[in-house]
Amino acid sequence: MSSEYIISEPTSMDKEILQHAVHEQFKPDHILRFPDASQIHFNEVQKLRLEYKNILRIDHLWDFSSLSKLELNNNAIEKIQGLDHLINLTWLNLSFNQIEKIEGLECVQKLEVLNLSNNKISVIENMDTLENLTHFFISNNLIGQLDNVLYLRKFKNLAAFNLFGNPFLNEGDYRFFIAAYFPKLMFLDSRILDQKTVSANPIYILLEELELHQADEARQRHEAELKLHRDAFVEFLNGSSLFRTMFKDDPKAQTLHCHQMGELCTQLFERGLAEHKRRETEVKSFFSCQKKAVTDCQEKASQMLAKFNHEHKEASREQSPFPCLQQLSDPEVRKVKIDHCNGEINQLCKNLMTLEFQLVSEMEEKIKTFESRISDMVRHFSEIAQGIYPFFFYRKITELPQKHSKNTHYFAAKILQTVARDARKEDLPDDVIMLFEDRDAVIDALATAHNNHLLKINDRETQLTTGISAWKEALIKGIRDEELKRNRMNISDIHRYVDNLREQLEELI
């Protein structure tokens with residue numbers, strides 16, 4: 001009798017259907033996991049086949065966070081929904097359903113293959129987040145306008161799509177149109193685009209495509225450059241943009257300060273990029289060491305398990321790890337053997353736990369060393385920003401001691417008085433006369449401008465130092481959280497494996 005889980009009436013996807021589907025197809029991909037449906041965690045499943053289940057509604061998939069391939073073809077689905085938690089999905093097959101609109105794909109941003117063939121879709125839309133899309137199938141739908149296909153031009157990695165069986169085919173041979181607007185496309189309607197079709201592209205379309213492509217490449221380079229600057233915490237420091245902002249309402253002051261300070265900003269910018277590269281190298285080195293330590297531990301665990309299985313199964317083909325016990329008829333001898341096996345299971349558990357604890361200790365030391373090195377790098381760069389470059393320079397040049405500042409204000413006031421005395425009042429504009437008559441207001445305005453300049457410098461310095469400190473804290477926290485998650489999962493797997501062995505042993509008592 002077939003084990004196929006057949007549903008005659010349309011139904012929503014529920015936990016029972018999912019449990020059955022997972023149990024049918026589950027193949028252990030980890031030495032410590034067993035194909036027992038009760039022990040399978042949905043968040044570990046990577047592929048799920050739910051075709052021909054008469055499913056009406058997509059639901060109950062929130063635990064499948066590791067799912068990469070989902071087959072939902074040949075059902076009765078009317079709406080694309082319930083995919084919000086499938087953040088690792090790369091393959092989605094929804095062909096042969098009753099879908100009328102493309103929607104609900106906002107969260108599956110890693111999707112590479114999308115099959116919507118044989119539905120009732122009339123417009124290609126709502127796919128903006130699918131930047132990794134390489135294969136798109138929408139044959140035998142209701143797409144009425146060939147121009148609507150141009151929506152797919154935004155997907156730069158698109159290598160193949162199927163369009164046959166749609167109403168726009170009546171507009172003539174659309175292959176030349178597709179070849180013109182999709183120069184990187186390799187397959188159309190499951191056939192290789194031949195050279196004759198590709199070479200028939202109109203020149204003006206090729207030029208337009210080239211211009212768009214070049215503009216897009218320039219935009220991507222600019223965005224990548226800005227991201228690098230943000231990651232190095234030196235955005236907008238390559239040049240004099242900071243000081244142009246400071247003196248935008250005071251062009252004469254800008255000419256006095258901008259050139260020298262711009263050079264210092266550029267030095268800080270270049271030093272920041274160099275320090276960022278050092279930090280990146282350190283981070284990559286740590287993750288490489290971490291991966292090697294985990295791999296070595298897994299290999300040792302595999303050797304332990306292989307040795308245990310070999311000693312107990314020997315040449316037997318039976319699934320039980322204790323085939324020799326099934327052949328013992330003497331209860332006393334069997335009891336002695338079972339006690340011995342229990343002891344070996346306990347020893348195996350102890351050995352696996354010891355191995356895991358050794359890895360935890362090793363990783364803790366590596367994380368501490370890494371944190372210390374990264375902290376030194378962050379502190380070093382912060383000191384550079386605070387003590388050597390434009391922040392220090394501006395303060396030393398412009399932040400005069402308080403007594404000198406008072407003298408400056410005094411001499412400025414004297415100059416204003418002299419000019420006001422020697423000049424004829426009728427020769428001066430009203431706003432200038434007002435300045436001469438209210439010298440305190442002039443001095444206050446100068447002081448305020450100076451303080452505003454210092455405030456912008458201080459804000460930029462704070463932004464840099466707090467930003468890089470926050471990055472370090474988030475990095476270390478993320479590493480510790482991931483290590484804790486890995487440790488807990490491994491311990492859980494060890495207990496599940498050992499419990500499974502004990503249950504099988506108890507069945508022989």
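This is a predicted model, so every value here is computed, not measured. Along every chain, residues carry numbers that run from 1 in the direction the sequence is written. Residue-level local features of this predicted model are given only where pLDDT is at least 70; pairs of side-chain atoms are given and counted only at 80 or more, and the full residue set underlies all totals for whole chains, interfaces and linings. Think of the side-chain values as coming from all heavy atoms in the structure, minus any hydrogens and water.

1. Observations concerning the overall build of the chain
Thinking step 1. When its secondary structure is counted, the chain shows eleven helices and ten strands.
Thinking step 2. Only protein chains enter the calculation, and the probe is 1.4 Å; a residue is then buried if its accessible area is under 20% of its type maximum, exposed if over 50%, and partly exposed in between. Within the span of the chain, comprising 509 residues, buried residues form 38% of the whole.
Thinking step 3. Residue contacts follow a heavy-atom distance rule, with two residues in contact if any of their heavy atoms lie within 4.5 Å. The contacts of the chain with a sequence gap of at least 6 include a subset with a gap of at least 24, amounting to 54%.
Thinking step 4. Surface accessibility in these figures is a Shrake-Rupley result with a 1.4 Å probe; residues are shielded only by whichever protein chains are displayed. Roughly 29,800 Å² of accessible area belongs to the chain as shown, and the carbon and sulfur atoms make up 53% of that amount. A helix here means a DSSP run of H or I that spans at least four residues, while a strand means a run of E at least two residues long, and both kinds are numbered starting from the N terminus.

2. Regarding the sheet that holds strand β8 (residues 160–162)
Thinking step 1. Pairing between two strands requires that DSSP report at least two bridges joining them. Judged by pairing direction, the sheet is mixed, and its eight strands sit side by side in the order β2-β4-β5-β6-β7-β8-β9-β10 without closing on themselves. Both edges of this open sheet fall to β2 (47–49) and β10 (191–192), since each of them pairs with a single strand only.

3. Digging into a nonpolar patch on the surface
Thinking step 1. A surface patch of nonpolar side chains, about 310 Å² in accessible area, is lined by Met186, Phe187 and Ile192.
Thinking step 2. On the secondary structure map, Ile192 appears in strand β10.
Thinking step 3. The class for Ile192 is exposed, based on a relative accessible area of 64%. Surface patches are drawn from residues lacking salt bridges whose relative accessible area is over 30%; two like charges belong together within 9 Å, two nonpolar side chains (Val, Leu, Ile, Met, Phe, Trp, Tyr) within 5 Å. A pair is scored as a salt bridge if a Lys or Arg side-chain nitrogen falls within 4 Å of a carboxyl oxygen belonging to Asp or Glu.

4. Observations regarding the pattern of salt bridges
Thinking step 1. Applying the stated criterion to the full structure yields 21 salt bridges.
Thinking step 2. Taking the shortest distance from any N to any O, the salt bridge between Arg502 and Asp499 comes out at 3.8 Å. Of the two residues, Arg502 and Asp499 both sit in helix α11 (residues 439–506), three residues apart, roughly one turn of that helix.
Thinking step 3. Judged by its relative accessible area of 28%, Arg502 falls in the partly exposed class.

5. Remarks on the confidence of the model for the chain
Thinking step 1. Within the chain, residue pLDDT values average 78, and 68% of them lie at 70 or more.
Thinking step 2. Values of pLDDT, ranging from 0 to 100, describe the predictor's confidence in every residue of the model. A low-confidence stretch, residues 1–6 stays under pLDDT 50, and its non-local contacts, those more than four residues away or across chains, total nine contacts.
Thinking step 3. Segment residues 254–258 is flagged for pLDDT under 50; beyond a separation of four residues in sequence, or across chains, it makes seven contacts in the model.

6. Here we look at the packing of aromatic side chains
Thinking step 1. Stacked, tilted and edge-to-face are the three classes applied to pairs of Phe, Tyr and Trp rings, where Trp contributes its six-membered ring and a pair requires centres within 6.5 Å; stacked means planes under 30 degrees apart, edge-to-face means over 60, and tilted covers the rest. Inspection of every chain in the model, using the stated rule, returns five aromatic pairs.
Thinking step 2. Measuring from centroid to centroid gives 4.5 Å for Phe286 and Phe370, while their planes differ by 25 degrees, and the two rings are stacked. One end of the pair, Phe286, is in helix α6 (residues 251–313); the other, Phe370, is in helix α7 (residues 331–387), and 84 residues separate them in sequence.
Thinking step 3. Among the residues examined, Phe286 registers a relative accessible area of 5% and is labelled buried.
Thinking step 4. Put simply, the rings of Phe286, Phe287 and Phe370 pair up and form one aromatic cluster.

7. Things to note about helix α1 (residues 15–25)
Thinking step 1. Listed in full, the buried residues belonging to α1 are Ile17, Leu18, Ala21 and Val22. The buried residues of α1 occupy an angular sector of 125 degrees when projected down its axis, which confines them to one face. Exposed and oriented more than 90 degrees from the buried face of α1 are Lys15 and Glu16.
Thinking step 2. Tucked inside the fold, the buried residues of α1 contact β1 (11–12) and β2.
Thinking step 3. We call two N or O atoms a polar contact when they sit within 3.5 Å, provided that within protein one can donate a hydrogen and the other can accept it, with sequence-adjacent residues counted only if both atoms are side-chain atoms. The opening residue of α1 is Asp14, an N-cap whose side-chain oxygen sits 3.2 Å from the backbone nitrogen of Glu16. To be clear, the arc concerns the directions from the helix axis to the C-beta atoms.

8. What to know about the side chain of Ser117
Thinking step 1. Tracing the backbone through its elements, the reader meets Ser117 in the loop between β6 (113–115) and β7 (135–137).
Thinking step 2. Taking the relative accessible area as the measure of exposure, Ser117 reaches 6% and is therefore buried.
Thinking step 3. Aside from chain neighbours lying at most four places away, what touches Ser117 is Leu94, Ser95, Phe96, Phe137, Ile138, Ser139 and Asn141.

9. Some words on the nonpolar core
Generally speaking, a soluble globular protein has its nonpolar side chains buried in company with each other.
Thinking step 1. By convention a nonpolar core is built from buried Ala, Val, Leu, Ile, Met, Phe, Trp, Tyr and Cys residues, the set being connected through side-chain atoms within 4.5 Å. Leu70, Met127, Phe136, Leu152 and Phe161 are the most contacted members of the largest nonpolar core, which has 56 residues in total.
Thinking step 2. Breaking this core down by element, the ones donating at least two residues are α1 and α2 (175–181).
Thinking step 3. Sort the elements by how many residues they give to this core and α1 lands first, with four residues.
Thinking step 4. Core analysis: the next-biggest nonpolar cluster, separate from the first, contains 43 residues, Cys349, Leu355, Phe370 and Val498 among them.

10. Some words on the side chain of Asn166
Thinking step 1. Here Asn166 lies in the loop between β8 and α2.
Thinking step 2. Relative accessible area serves as the criterion here: at 4%, Asn166 is assigned to the buried category.
Thinking step 3. Here Leu142 takes part through its backbone nitrogen, which lies 3.3 Å from a polar atom of the side chain of Asn166.
Thinking step 4. At 2.7 Å, the side chain of Asn166 and the backbone oxygen of Leu163 are in polar contact.
Thinking step 5. Setting aside residues up to four positions removed in sequence, Asn166 forms contacts with Ile138, Ser139, Asn140, Asn141, Leu142 and Ile143.

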